[in-house]
Each structure stands twice: as structure tokens, then as C-alpha cells.
Amino acid sequence: MHKRTIKRVAVLGSGVMGSRIACLFAGIGVDVLLLDIPPKELTEEEAKKGLQLTDKAVANRIVNSSLAGTVKSKPSPVYTAGDIKRIKTGNFDDNLKEIADVDWIIEVVVERLDIKKSVFDRVEQFRKPGTLITSNTSGIPIHMMTEGRSDDFKKHFCGTHFFNPPRYLRLLEIIPTPDTDTDVIDFLVHYGDLFLGKTTVLCKDTPAFIANRIGVFSIMSIFHLMDKLELNIDEIDALTGPISGRPKSATFRTADVVGIDTLVKVAQGVKDNCKDDEASAIFNIPDWLQKMVDNKWLGDKTGQGFFKKIKGEGGKSEILTLNLKTFEYAPREKPKFATVGASKPVDDLKTRMKMLVAGQDKAGEFYRQFHYSLFSYVSFRIPEISDEIYRLDDAMRAGFGWELGPFESWDVLGVKKVTEQMKAAGVAYAGWVDEFIGAGNDSFYKVENGKRQCYDAATKAYKPLPGGDAFIILSDLKEKTVWKNSGCQLVDMGDDVVGLSWNTKMNSIGSEVIEGVNKSIAIAEEKYKGLVIANEGAQFSAGANIGMIFMLAAEQDYDELNLAVRMFQNTSMRIRYSSVPVVVAPHGLALGGGCEFSLHADKIQAAAETYIGLVELGVGLIPGGGGTKEFALRTSDEMQPNEPETIPLQNRFMTIGTAKVSTSGFEAFDIGIMRKGHDEISMNQDRRIADAKKSVIEMFDRGYTRPTERTDIKVLGRSGLGMLYAGINSMFRGNYISEHDVKIAKKLAYVMCGGDLSEETLVSEQYLLGLERETFLSLCGEKKTLERLQSVLKTGKPVRN
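An account of the accompanying structure is given in this report. (Residues numbered from 1 in each chain as written. Predicted model: local features only at pLDDT ≥ 70, side-chain atom pairs only at ≥ 80, totals over all residues. Heavy atoms only, no water.)

Digging into the side chain of arginine 246
At step 1: Structurally, arginine 246 is set in the loop between α11 (233-239) and α12 (252-258).
At step 2: Buried arginine 246, no salt bridge; nearest opposite-charge side chain is glutamate 403, N-O distance 8.2 Å.
At step 3: Once residues lying within four places of it in the same chain are set aside, the contact partners of arginine 246 are Thr240, Gly241, Phe370, Leu374, Gly401, Trp402 and Leu404. (Helix = DSSP H or I, 4+ residues; strand = E, 2+ residues; numbered from the N terminus. Buried < 20%, exposed > 50% of the residue type's maximum accessible area, 1.4 Å probe, protein only. Lys, Arg positive; Asp, Glu negative; His and termini not counted. Salt bridge = Lys/Arg side-chain N within 4 Å of Asp/Glu carboxyl O. Contact = heavy atoms within 4.5 Å.)

Structure follows, in C-alpha cells:
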């Protein structure tokens, strides 16, 4: 079914989306041909050089400039700097013929049907039969693009709607036409998931498809609620950000980033093209919003929108908020709502949501009215925009960054309870919901035998979610709990593999996690083939529990601190030297202790979006959970005959010394945390746990044996120290680091060189762990270190001073 392979892709159109889609494909190892129109006239500089429009430098100016701008953008559109080498640029006049040699053509030109059709006219001249051809349109009906096209074109044509920025937003909407071959649809869904790492959502060819239809409705609903409840911009963003399971950009910041004109265009498009939409009035553009468009206050693209950044006193940047009544900007407010204040200490989103909706102040009223409106709207969209409920939830989580989709949120609040409240409030919902409740159901999702199922409105029955064993959700396996404590849970994943996850603040590693890892390995050694360590939180782990370290250090309780550090080191070594394979599957942030656990695993199965590193120097310490030891060990292994032994030492030292964090899972190979040819990347974050389980089974079936603890680690002693000290002193003289940074760096160098040894020596892991622990404890007694730890606890950000 999926025999088609993609080796080369052509991207037609090099604007923001085109260039970033090209970077995404290049990042997964696909060669890309990126084309755009040639310029129609010379620039003044080109004319002075005597260049002609036909010269390559001129003809490719637009595409080269677009790509260069994209590569410089933040966050980076590529996984590693070398990805860009896979992109070849060209123009429609000179290079369109090269599409005959590609496997997939993606059109990303301006959102006008006539222009897209003219591009397809030219594509048909060179495209070889069987080549995939898709459009990245965000709103033009897909079927209209195929009018007048050949049968082979129609058969292989589909809408593929990426969300911006395509590397980071995980949604890929697949929109077929009635003529699209089912094998093509199946392939695109499979390829988007497995190779591009996307949540692929199959959509009907309806206006704005799924995510924008629901997302823009939500934003417009909030706009109208703001006016109705007399709330302001800062209050709305305080209510619709992380506190309610939404991104930090909340509502108005999101609108500024997306572009207020774009938002209005989509809203107007839905209103004009969805005459039967029962909530059509929600898409009416408020007067204040139209005034912003007229003023060209469109958000980031014009320098001001709902927010405006200015230089304040002392040259510091200050963000001002627009007052929609006076249309003047003023300093941002920090709104306070009793309901929000009461729910903030609650980490669990589902518990928090119930508190927010039950609130008796204006915030509670906002949450109730918003959710009633949202639930009503999504109920009526089944089966208009999708036959399946779960597709709407998938689209909103992957495309708009919601932690819970609309139907998942309805489940949390109680379907039966909320529908009764909606009736009492006069809010209508689709008839199939009453049928659902009447059949004795009160949850759109349920878990049976560890498999998640979703209610299907058409058949009035629950059906398993697609993907099967490819997607393992540890939190859905609670009924298969083997062991747990206050912060950890060990579950039976099936096939004689257990999975450990923990749920602490920022998934930090404290005593309950240390206990969990040791207990889980012991249980796995006794009864199972191996262990997977992973979780489904926003981050894998922000590292060791800084609060505990600060408390012990401030009280100068060095016996307890020594015991805690020793336990952490022993736990890392337990991961390395267990008698069963242990695979760690990080994602998001994997810092400090989270990185150290990963370094000691038999294998790392990381998500593509994994930001991993040893960051302890940022708080005035060195890695103390085995990380410094492990880097010294890997330094030894990287020393090559006939090459200076100080090179790998210097590289490894700088990685820790600069608290380097990878910008992707791929870059983790470049900085020496992941091992090439050994550790692996799961492009789709949702697949990494299943991939990790598969690796455990493969290692066990090959006859896994416990590794032997190392006693042959070469350290350079004084010769290495001399080289590193010279570099540290040079950095200090150049004012790149502070006097305290010098002290920390020299202590790090001392450990990595094996101490003050007179010559090269072979040492053991335990010897290095002893040096690491001794140095960590000595730094805990430093006043500057305590200040840094305290600052991190207050701000969540490491400092240098």
C-alpha cells in the first residue's frame, strides 16, 4: 500500500510557507527543488553591475532571498545547519522542467485560484504521470483547482495544508477531491505521520477545513464575549493562555502573530461560504476589528496590532496593549481573578478546568459561556466537516496547540452535566448528542484493554482510534499499573515490557522519581524483558529538583546533600548497568538530570523536537548525576591515534561549559549526547514510546547481557588541565565570563581531566563519579551558587553573574 518512496520534492513558491516547507523536507533527508517566479526588472545594484534578467543571479533573486530570510528566522526552520545543503533553488522559466524528476510537487503560491491554475497549466507540461501533486492552500476549495486538468493529474492531486511554522506545528490536513485515488490519500496520511512527524488529519473539502474553521470560530467567539462581558485584551489573554490549556500566546497575541488581516479574511470566508452555519453571526467582524484592518494595524507584520513594542526608559523594550475603546496604547495590565488565582496552584489541567468553569466571578462566567458556545459549534460540525469526532480534537491540539481538543474538554467537564447546563442557558447543540446520552454514554472517549476508543456518531458505537500499536499512551494504561508512588507510575505495556512515567512539576527529578526508576528496574529485571522511561507531559524533564538542592545547600546539610547526589549517580548507573535493556524516550526539554538519565540508557529514542543538554553551569554547578563522568568517558572513547587527544576533551568541555542545549533531536548527535548509529529519532513524537518499546524487545531478543562497568577511561591529568585552564583564563581576560564562572569552569576541567594527575592515566567510572560528587558538593557551598539557585526558583531561568 505504501510502496511509493519520496527522494526528491519540488516546492513551487518560496514565500514564508514555501521556504519553510522546503526546510522541513530537507531536514528529514529529502532533496528539494525550490522554485519561484523570476523578477520582472533589475534592481539598481544589478543594473550597475551590468547584469541581465536572464543571468542566474538575477533570475533566482526572489527564491534565494526568500530562502535566506527563512533560514535566518527564529525559531530555526531546520533541524541542523547542514540541512540547507539539500535545497536547490531555481525559477519557473529556467528550472520548471526539472519537476519531471521529482516524486512530489507541492504548490505554495499566492492564495488566488487563477494564479494557482496558471501554475498547474505549466506543471502539466513537465510533470511525469504518477507524480504526487498537492496544494498548500488554507482555504480555496480543493476541487476547484482540478477543473480542466488531466485524469492522471486529478487522480494524484490533493490538498496538503501545513501550519506555520511547519517544523513546529504538528498538524497536516489532508484534503482529497472526489477524484483523488485512495492509495494516494493513504500514502499521504502515512507519510505525513511517519516521515514528517505530523498529526495527519483527513478533512472534507469544506471552507477553512477543520482547524481554521474551529480555531477562528473560537477566536471570534472570544471577541464577542469580550464585548458582552466588558473584558479587555489583557484580561482575555490571562484567561485564554496556559491556565486553560492553551498556548502562551493566548488569543490576542496569537492574532498578532498570525496577522489580523488573515484572521478577518478566514472569518469572512466562512461567513460568505457557509450560509447554513447556525453560528454565522459569530463570524461578523466587530467594528473595532475592522477599524484595525483599515488602520493597517495588522500585528507583527506591520509593527503594531493588539500589542505594540516600544523602547522605554533606559532603552528597555516595553510592550503596550491597545485599549479598544480609546484606540490608544497603554502599559500592559496584570489582571486578577479569584477563580484563576484559586486554580493556579493546581497542576492537573483536567482538575483545573473544572475549577475554572465552576468559578463564580466574571472569569467563571467567561469560561462557561465560551465552552457552551464551543461545544455547541463542534457538535453541529459532525458530520459537516468530519464524520469522526477525534479528527476535530487532533486538529485543534496539533494546529492550535490546545492541550485538550473540544470533545476531550467536554468529556472532562461531563457531557451529560454540561448539556443540561447548556439547555438551561438556551444554547442549542446537535441532536446526535441527545442520542449519545440517551444510550447511557457520558464520555466521547474511553479506554478498553489499554486501547483508546472514540464514539462514532454515524454508527452510534465506539471504535478504536487508528494507529493501533504505533501510538502508546502510558496514561491510558492505568488499569495495567504494576507499581506506583506519589509521583511515578509503572505500567505493563504488553509484550513483557514495562513503562515508567512521572508527573511532577516540570517533570523535575526528586526523591520519588529516583525511587521510581530504581524500583522499576528491579521489577523489570525480575519479570519483564525491559523498561521504557518516558512521559506525555509538555516536557520530558527540566532536570533535578532545584528546590531540594537549594534547601539542603542553604542549610549546609552536606551529609544529606552528599546522600542525594550519590543516590542520583547510583540511579544513573543503575540505568546503565541493569540486567535488562532500558530505553529512554525524551521529548521537549530534557535538561540536567533528564539528560543524564538519557546518557546512561542502553538507547535514546528521542522525538525530533527534543531540546537536550547539561545546563548545570547556568546555576553555578557541574552535572552531578553522572553527566560529567559520562562526558569524560566519551572523551576517552573519541581519542584517536595520531590525533591530538585534547581535541575531543576541548569539545566535550565546551558543551558542558557553555550549557549547550540541542535545538533538535538531530543536533543532539552533533553535540555528542546522542550516539550516531545507535540512538534514534522518532519524527512523530506520538510514536516514540512505541518505537522505544520495539527497541527494548529487539535488544532482549538479540540476547541482551549486562554491560561491564568501565575501568579503562583515559584521562589527561595536568596536560589536559593546562590546555583547558589557558582557554578559561583567556575567556576571563576577554570579559566573556565572570570570576565565579572561572572557578566553576576550572572545577569542571578538574573532573574531566581526572584530577591533578602527573600523566595520562586509565581510571574507573567510580573514580570519576567520586570527583564529580566532591566537586558538586564544593560548589553548593558557594554564595554565588546559592544566589543563582534562588534566582532560578524565582524566575525559572538560569543566570550568569
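Notes on the sheet that holds strand β1 (residues 8-12)
At step 1: Overall, mixed pairing links the eight strands, which are arranged β3-β2-β1-β4-β5-β6-β7-β8 in an open sheet. Two strands bound the open sheet, and with one partner strand each, they are β3 (87-91) and β8 (199-202). Each strand axis lies, on average, 25° off the axis of its neighbour in the sheet, ignoring direction.
At step 2: Together, β1, β2 (31-36), β3, β4 (104-107) and β6 (157-162) form the strand contacts of helix α1 (residues 16-27), whose direction differs from that of β2 by roughly 170°. (Pairing = 2+ DSSP bridges. Axes fitted to C-alpha atoms, helices over the stretch in contact; angles between N-to-C directions.)

Details of the packing of aromatic side chains
At step 1: Within the structure shown, the criterion is met by 35 aromatic pairs.
At step 2: Note on phenylalanine 163 and phenylalanine 400: the rings are 6.5 Å apart at their centroids and 65° apart in plane angle, and the pair reads as edge-to-face. Taken together, the residues phenylalanine 163 in the loop between β6 and β7 (171-176) and phenylalanine 400 in helix α18 (residues 389-400) connect sequence positions 237 residues apart.
At step 3: The buried category is assigned to phenylalanine 163, whose relative accessible area is 7%.
At step 4: When the ring of phenylalanine 223 is compared with that of phenylalanine 252, the centres are 5.2 Å apart and the planes differ by 25°; the resulting orientation is stacked. Of this pair, phenylalanine 223 sits in helix α10 (residues 211-229) while phenylalanine 252 sits in helix α12, and the two are 29 residues apart along the sequence. Across the pair, phenylalanine 252 and phenylalanine 223 agree in class, each one buried.
At step 5: By way of ring pairs, the aromatic residues Phe375, Phe407, Trp410, Trp432, Phe436, Phe444, Tyr455 and Tyr462 are connected into one cluster.
At step 6: Positioned over the ring face of phenylalanine 153 is arginine 149, at 5.5 Å from the centre of the ring.
At step 7: The ring centre of phenylalanine 631 lies 4.5 Å from the NZ or CZ of arginine 652, which sits over that ring. (Phe/Tyr/Trp six-rings, centres within 6.5 Å; stacked < 30°, edge-to-face > 60°. Lys NZ or Arg CZ within 6 Å of the ring centre and 35° of its normal.)

Brief notes about the sheet that holds strand β10 (residues 317-323)
The strands making up a sheet associate through hydrogen bonds between their backbones, and the pairing can be parallel or antiparallel.
At step 1: A sheet is described by the order of its strands in space; here three strands give the open sequence β9-β10-β11, paired in antiparallel fashion. Both edges of this open sheet fall to β9 (307-311) and β11 (328-331), since each of them pairs with a single strand only. Adjacent strand axes in the sheet meet at a mean angle of 40° when their direction is disregarded.
At step 2: One ladder, built from five bridges, connects β9 with β10; its direction is antiparallel.

Observations concerning helix α30 (residues 718-733)
At step 1: With 16 residues, α30 extends 22 Å from end C-alpha to end C-alpha; this agrees with the ideal 22 Å at 1.5 Å per step.
At step 2: Where α30 ends, the next residue or the one after it, asparagine 735, has phi of about 60°, a positive value. (Expected span 1.5 Å × (residues − 1).)

Some thoughts on the environment of lysine 117
At step 1: Secondary-structure assignment places lysine 117 in helix α6 (residues 113-126).
At step 2: Take lysine 117: its relative accessible area is 23%, and that puts it in the partly exposed class.
At step 3: In sequence terms lysine 117 and threonine 146 are 29 residues apart; their C-alpha atoms lie 8.1 Å from each other.
At step 4: Those residues in contact with lysine 117 that lie beyond four places of it in its chain are Met144, Glu147 and Arg149.

Observations concerning the pattern of salt bridges
Opposite charge on two side chains permits pairing when their charged atoms draw close.
At step 1: Under the defined criterion, the tally for this structure stands at 54 salt bridges.
At step 2: The closest approach of N and O atoms between arginine 213 and aspartate 277, which form a salt bridge, is 3.0 Å. Of this pair, arginine 213 sits in helix α10 while aspartate 277 is found in the loop between α13 (260-273) and α14 (287-294), placing the two residues 64 residues apart along the sequence.
At step 3: Between lysine 660 and glutamate 667 there is a salt bridge, with the nearest N and O atoms lying 4.0 Å from each other.
At step 4: Given a relative accessible area of 15%, glutamate 667 falls into the buried group.

Here we look at helix α20 (residues 415-424)
Side chains three or four residues apart in an α-helix point the same way, a direct result of the helix having 3.6 residues per turn.
At step 1: Listed as buried for α20 are Val415, Val418, Thr419 and Met422. Buried residues of α20 fall within an arc of 100° about the axis and therefore sit on the same side. For α20, exposure combined with an orientation more than 90 degrees from the buried face picks out Lys417 and Ala424.
At step 2: Once α20 finishes, glycine 426 follows within two positions and takes phi at roughly 75°, a positive value. (Arc of directions from axis to C-beta.)

Observations concerning the pairing of β10
At step 1: From the end of β9 to the start of β10, which pair antiparallel, there are five residues, and glycine 314 there has a positive phi angle of about 75°.
At step 2: Bridge analysis of β10 against β11 gives four bridges, and the strand direction is antiparallel. Each bridged residue has a counterpart across the sheet, and for asparagine 323 the counterpart in β11 is glutamate 328.
At step 3: As consecutive antiparallel partners, β10 and β11 are separated by four residues, and within that stretch phenylalanine 327 has a phi angle of approximately 60°, a positive value.

Concerning the packing of helix α22 (residues 511-527) against helix α24 (residues 558-576)
A pair of packed helices can be characterised by two numbers: the angle between their axes and the separation between those axes.
At step 1: Running from N to C, α22 and α24 point in directions that differ by 30°, and their axes come no closer than 10 Å. With respect to each other, α22 and α24 are oriented roughly parallel. α22 and α24 meet at a crossing whose hand is left-handed. Listed contacts from α24 to Ile514, Val517, Asn518, Ile521, Ala522 and Glu525 of α22 are Met567, Phe568, Thr571, Arg574 and Ile575.
At step 2: Among the residues forming the contact of α22 with α24, the class breakdown is seven nonpolar, two polar and two charged. (Parallel < 35°, antiparallel > 145°, perpendicular 65-115°, else oblique. Left-handed = near helix turned anticlockwise from the far one by under 90°. Nonpolar A, V, L, I, M, F, W, Y, C, P; charged D, E, K, R; others polar.)

With respect to unusual backbone geometry
At step 1: Cis geometry is adopted by the peptide bond preceding proline 75, which originates at lysine 74 and carries an omega value of -5°.
At step 2: With respect to the helices, strands and loops of the structure, proline 75 is situated in the loop between α4 (61-72) and β3.
At step 3: Following asparagine 164, the chain continues into proline 165 via a peptide bond in cis, with omega recorded as 0°.
At step 4: When you line up the elements, proline 165 lands in the loop between β6 and β7.
At step 5: The backbone of aspartate 496 shows a phi angle near 65°, a positive value even though the residue is not glycine.
At step 6: By secondary structure assignment, the location of aspartate 496 is in the loop between β16 (488-494) and β17 (497-502).
At step 7: In this structure aspartate 496 comes out as partly exposed when scored by relative accessible area, which is 42%.
At step 8: Of note in the backbone geometry, asparagine 735 takes a positive phi value of approximately 60° without being a glycine.
At step 9: One can find asparagine 735 in the loop between α30 and α31 (739-752).
At step 10: Its relative accessible area of 70% is what places asparagine 735 among the exposed residues.

Here's the deal with the pairing of β4
At step 1: Covered by surrounding structure in β4 are Trp104 and Ile106 together with Ile105 and Glu107, the residues of both alternating faces.
At step 2: Bridging between β1 and β4 involves four bridges; their strand directions are parallel. Its bridge partner lying in β4, valine 9 is registered against tryptophan 104.
At step 3: One crossover worth recording links β4 to the parallel strand β5 (residues 132-135) by way of α6, and it is right-handed. (Right-handed = clockwise from strand over helix to strand, strands pointing away.)

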